[in-house]
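Observations on the model geometry
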Amino acid sequence: MQNDCEITYSIDEYGNKIETKIIGNKEYVTAWYKGGNKMFKQEFKDGKEEGKWFGWYGNGNDWYKEEYKDGKREGIWITWDKRSGKIVYVEEYKDGKLI
C-alpha cells in the first residue's frame, strides 16, 4: 500500500516558515523562526493532537515537551525557562487528566 505525501509551506504574519506534511491520516507540522531556528514540531492523527510535541525559543533553548494520545494530554510535560534553560515545571497526564 502506497502512502501519498503532500507537503505545503507557508509564512505566518511574523515571517516564520511553516511546513505541513500530510501522509495518510497523519499530519506533521514544523515551524522555524524568521531567523532560521526551529520553533516547534507537532503531529496530528485524524485531526487530533498525537505523539510528542517539541517547542524551542528563538534563542534555540528548549521551550516545551508535550505528549498527546488521541487528542488528550498524556505522559510527562516539561516547560523550560527561556533564558536560563532551567525547568520551570513538570506535569504528568494520563488520559487527558493531570495526575
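I will try to describe carefully the structure that is included in this document. This is a predicted model, so every value here is computed, not measured.

The next point concerns the pattern of salt bridges. Using the criterion set out here, one finds four salt bridges in the structure. E74 is the salt-bridge partner of K94, the closest N and O atoms lying 3.8 Å from each other. Taken together, the positions of K94 in strand β10 (residues 87-94) and E74 in the loop between β8 (72-73) and β9 (75-80) put the pair 20 residues apart, joining distant regions of the chain. The exposure class of E74 is buried, given its relative accessible area of 16%.

A few words on the pairing of strand β7 (residues 62-69). As paired elements, strand β6 (residues 51-56) and β7 share six bridges and run antiparallel to each other. Each residue of the ladder has a partner; that of G51, found in β7, is Y68. Here β6 folds back onto β7 in antiparallel fashion, the turn holding five residues, of which G60 has a positive phi close to 95°. Sheet topology places β7 next to β9; two bridges connect them, and they run antiparallel. Across the sheet, K65 pairs through a bridge with I78, a residue of β9. In terms of strand pairing, β7 meets β8 through two bridges, oriented antiparallel. Among the inter-strand pairings, Y68 is bridged to a residue of β8, identified as R73. Hairpin geometry of β7 and β8 is characterised by an intervening segment of two residues between the two adjacent antiparallel strands and by a positive phi of about 55° at D70.

Basis of the calculations
Residues numbered from 1 in each chain as written. Predicted model: local features only at pLDDT ≥ 70, side-chain atom pairs only at ≥ 80, totals over all residues. Heavy atoms only, no water. Salt bridge = Lys/Arg side-chain N within 4 Å of Asp/Glu carboxyl O. Helix = DSSP H or I, 4+ residues; strand = E, 2+ residues; numbered from the N terminus. Buried < 20%, exposed > 50% of the residue type's maximum accessible area, 1.4 Å probe, protein only. Pairing = 2+ DSSP bridges.

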